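# Topology and contacts: notes
In case you want the letters, here they are:
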Amino acid sequence: GNGPSGICLSYLLSGYIPYFKRHSLHPHPILQRKLEEAPEVSVLDQDLEYLSEGLEGRSHSPVALLFDTLQRPDTDFGGTAESVLTWWHEPDRAIPHLVLGRNAPGGAWHSIEGSMVTLSRGEWMGLPDLPFKEWLKQKRRGLRNNRATAEDIAQYYQHYVKKKGLQKNFRCGTVVTSVRKVSAESISNQTQKDLQEHSDSLWSSNEKTTEVFQVDGFFKTEEGDKEPFSICAENVVLATGTYDNPTWLGVKGENLSYVHHQLSALEEAVKNNSVGIMSDPVLIVGAGLTAADAILFAHHCNIPVIHVFRRRVTDPGLIFNQLPKMMYPEYHKVHQMMKEQTAACAGPYECYISLPEHHVLSFEKDKKCIFQDKNGCQKAYKISMALVLTGSNPNLSFLPNDGIDLAMDRDQPVNPKRNPIDVDPFTYECTQEKGLYALGPLAGDNFVRFVQGGALAVASSLLKKANKNPP
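Heads up: these notes are all about the structure in this document. Predicted model only: the values in this text are computed from it and were never measured.

The pairing of strands in a sheet happens through backbone hydrogen bonds and is either parallel or antiparallel. Spatial ordering of the open sheet is given by β12-β19-β13-β14-β15, a layout of 5 strands whose pairing is parallel. At either margin of the open sheet sits one strand with a lone partner, and together these are β12 (259–260) and β15 (352–355). Relative to strand β19 (residues 385–388), strand β13 (residues 282–285) is paired through 4 bridges, and the arrangement is parallel. Note that in β19 the partner of Ile 284 across the bridge is Leu 387.

The following block contains the structure:
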């Protein structure tokens, strides 16, 4: 995967090593004292468990909190204190690696509607040692409400890879079809030769290792052909995110052509004029931020909306009840519409009806949709199209048993929120499979700001394994 997790890890594995900046002052006094104990030892070579002990914040991962607070010391309190890290390039400590991704560097950020504003503040989208705000200034653009658009972020990630000289590690247009453990002896000499051509010592025959991972897949050539490849590696990092498989409701008629599972379908329909002010309402199912983005988009285009969701509007688990109003005025507006504009009572917003505590029973061929409320009453509405936006799941079909054996609960599919891959919190190595690591949403880290700590943990672990001149 070549999203923010993969890019950040590539930076760390390319010999860019973070040290505590002498004479800098961290607002957390205990962390400051720990950092002063060995300023000549890089953060990668220190005990991450010791450094991160006692840190609190908006992530469950101690290493994510550590790396975040080193880069943005008081950001949760609205502060703009500078990073307490300084970066040194030590090429002799680089670990040869390849980053495989379907699209350009930036991962799923290239698939999101470009004008969408991100949930996170702009500076939280940045990667190490190249502040996002500085890059935006060069583009002569300001941040709206401190937040950035998806297009900005996708461009920034591509720029980052070029600016930091990481392109040689990236192979874009790559689809991985299988990752499995094989014995080192069974690998053909041809595969080893291919590898030597791709990289100086990507796969050095290491006497200690009797098993390696074989990674198979294909490159998509410019002519549209598929060129197969096979790579062997002692370590593999899963950083494929969660954007691949939208969740289905599993109801009758969900596979009809007017039922969609991605926001882009609504954008397309508006472009083609197949929905507009006069059409039947668009049905939006779900009460997360993607559903909110769809409502805002429809509202902006004056398209009528019926909004169906299972929870109560006051449910504390609803994301809108967790967002500060000042920073997220548009999501606050959607939440207000959900509260004030139920089918039972007409509110001030035209073209929008909310149906809280309802669920979809079926989609009919004549574009009627049947709902049921919590009391078992059924209603039917005629709609022009349906958008089921209730989250997405990772696609781990390239792993044995879809990666289920790696999850916290090995009876359920991997899910970023409910059932992430079980990893060691200080190395991010899978507890069930040594040499295999998981980063980002797969390991339960769902914000760009916090995926970077996982990359720090993986890089630290791989450097210890490679024993590249530790202090």
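Next up on the list: the packing of helix α9 (residues 289–300) against helix α10 (residues 329–340). For the pair α9 and α10, interaxial distance at closest approach is 10 Å and the crossing angle is 85°. As summarised for this structure, α9 and α10 are arranged roughly perpendicular, according to the angle between their axes. Here α9 contributes Leu 289, Ala 292, Asp 293, Ile 295, Leu 296 and His 299 to the contact with α10, which in turn contributes Glu 330, Tyr 331, Lys 333, Val 334 and Met 337.

What follows covers the sheet that holds strand β8 (residues 211–220). Strand order in this open sheet of 3 strands is β7-β8-β9, and the pairing throughout is antiparallel. Edge strands, defined here as strands with exactly one partner in the open sheet, are β7 (174–183) and β9 (226–233). The average angle at which neighbouring strand axes cross in this sheet is 20°, direction not considered.

Judged by side-chain charge, Asp 47, Glu 49, Glu 53 and Asp 424 come together as a negatively charged surface patch. Within the element layout of this structure, Asp 47 appears in the loop between α2 (29–37) and α3 (48–52). For Asp 47, a relative accessible area of 46% gives the class partly exposed.

Structurally, His 260 is set in strand β12. Sequence separation between His 260 and Trp 248 is 12 residues, and the spatial gap between their C-alpha atoms is 9.6 Å. Excluding its chain neighbours within four sequence positions, the residues that come into contact with His 260 are Ala 265, Met 385, Ala 386, Leu 387 and Val 388. Of the polar contacts made by the side chain of His 260, one reaches the backbone oxygen of Ser 257; its length is 3.5 Å.

We now examine the pattern of salt bridges. Inspection of the entire model under this criterion finds 12 salt bridges. The salt bridge partner of Asp 68 is Arg 72, with a shortest N-O separation of 3.1 Å. Side by side, Asp 68 and Arg 72 carry an identical accessibility label, which is buried. The salt bridge partner of Glu 364 is Lys 252, with a shortest N-O separation of 3.2 Å. Of this pair, Glu 364 sits in the loop between β16 (358–363) and β17 (368–373) while Lys 252 sits in the loop between β11 (245–246) and β12; the two residues are 112 residues apart in sequence, bridging distant segments of the chain.

So, about α2. Every buried residue belonging to α2 is among Leu 31, Gln 32, Lys 34 and Leu 35, and all of these are buried. Summarising the axial view, the buried residues of α2 lie within an arc of 165°, below the 170-degree limit, and thus occupy one face. Residues of α2 that are exposed and point more than 90 degrees away from the buried face comprise Pro 29 and Arg 33. Its buried side turned inward, α2 meets β1 (16–20), α3 and α4 (62–71).

What follows is about the packing of aromatic side chains. Evaluated as defined, the whole model comprises 10 aromatic pairs. Centroid distance Phe 132 to Tyr 156: 5.1 Å. Interplanar angle 80°. Geometry classified as edge-to-face. With Phe 132 in helix α5 (residues 132–138) and Tyr 156 in helix α6 (residues 150–163), this pair connects stretches of sequence that are 24 residues apart. When its relative accessible area of 1% is taken as the criterion, Phe 132 is described as buried.

Right, let's get into the side chain of Ser 10. Counting through the fold element by element, Ser 10 comes out in helix α1 (residues 4–13). A residue is classified by how much of its surface remains accessible, and Ser 10, at 1% relative accessible area, is buried. Not counting residues within four places of it along the chain, the set of residues in contact with Ser 10 comprises His 97, Val 99, Leu 166, Asn 169 and Phe 170.

This brings us to the pairing of β9. Both faces of the sheet carry side chains from a regular strand, because those side chains alternate between them. Direction of pairing for β8 relative to β9: antiparallel, over a ladder of 8 bridges. Each bridged residue has a counterpart across the sheet, and for Phe 219 the counterpart in β9 is Glu 227. The antiparallel hairpin formed by β8 and β9 contains 5 residues in its connecting segment, where Gly 224 sits at a positive phi of about 95°.

Scoring rules and cut-offs
- Along each chain, numbering runs from 1 in the same order as the chain's sequence is written.
- Reporting in this predicted model follows two pLDDT cut-offs: at least 70 for local features of residues, and 80 or more for side-chain atom pairs to be given and counted; totals over whole chains, interfaces and linings ignore these cut-offs and use all residues.
- The side-chain quantities take in all heavy atoms of the structure and omit both hydrogens and water.
- Note on pairing: DSSP must find at least two bridges between two strands before they are called paired.
- Here a strand is any run of E in DSSP of at least two residues, a helix any run of H or I of at least four, and the numbering for each starts at the N terminus.
- Working convention: axes come from line fits to C-alpha atoms, limited for helices to the stretch in contact. Angles between N-to-C directions cover 0 to 180 degrees.
- Angular relationships are summarised with four words: roughly parallel below 35 degrees, roughly antiparallel beyond 145, roughly perpendicular across 65 to 115, and oblique for the angles in between.
- The contact definition used throughout considers only heavy atoms, calling two residues in contact when any of these lie within 4.5 Å.
- Like-charged residues are merged into a patch within 9 Å and nonpolar side chains (Val, Leu, Ile, Met, Phe, Trp, Tyr) within 5 Å, provided each residue has over 30% relative accessible area and no salt bridge.
- Here the open area of atoms and residues is found with the Shrake-Rupley method and a 1.4 Å probe, where only the protein chains shown may cover a residue.
- Here, a salt bridge means any side-chain nitrogen of Lys or Arg that lies within 4 Å of a carboxyl oxygen of Asp or Glu.
- Under the convention used here, Asp and Glu are negative, Lys and Arg are positive, and both His and the chain ends fall outside the count.
- A charged residue contributes its charge at one atom only: NZ of Lys, CZ of Arg, CG of Asp or CD of Glu.
- Partly exposed describes any residue whose relative accessible area lies between the buried limit of under 20% and the exposed limit of over 50%, with all areas from a 1.4 Å probe on protein chains only and scaled to the type maximum.
- Pairing of N or O atoms within 3.5 Å defines a polar contact, subject to two protein rules: one partner must be a possible hydrogen donor and the other a possible acceptor, and residues neighboring in sequence count only if both atoms are side-chain atoms.
- Working definition: the arc comes from the directions between the helix axis and the C-beta atoms, pointing outward to the latter.
- Aromatic contacts are taken between Phe, Tyr and Trp rings whose centres are within 6.5 Å, Trp giving its six-membered ring; a plane angle under 30 degrees counts as stacked, one over 60 as edge-to-face, and the others as tilted.

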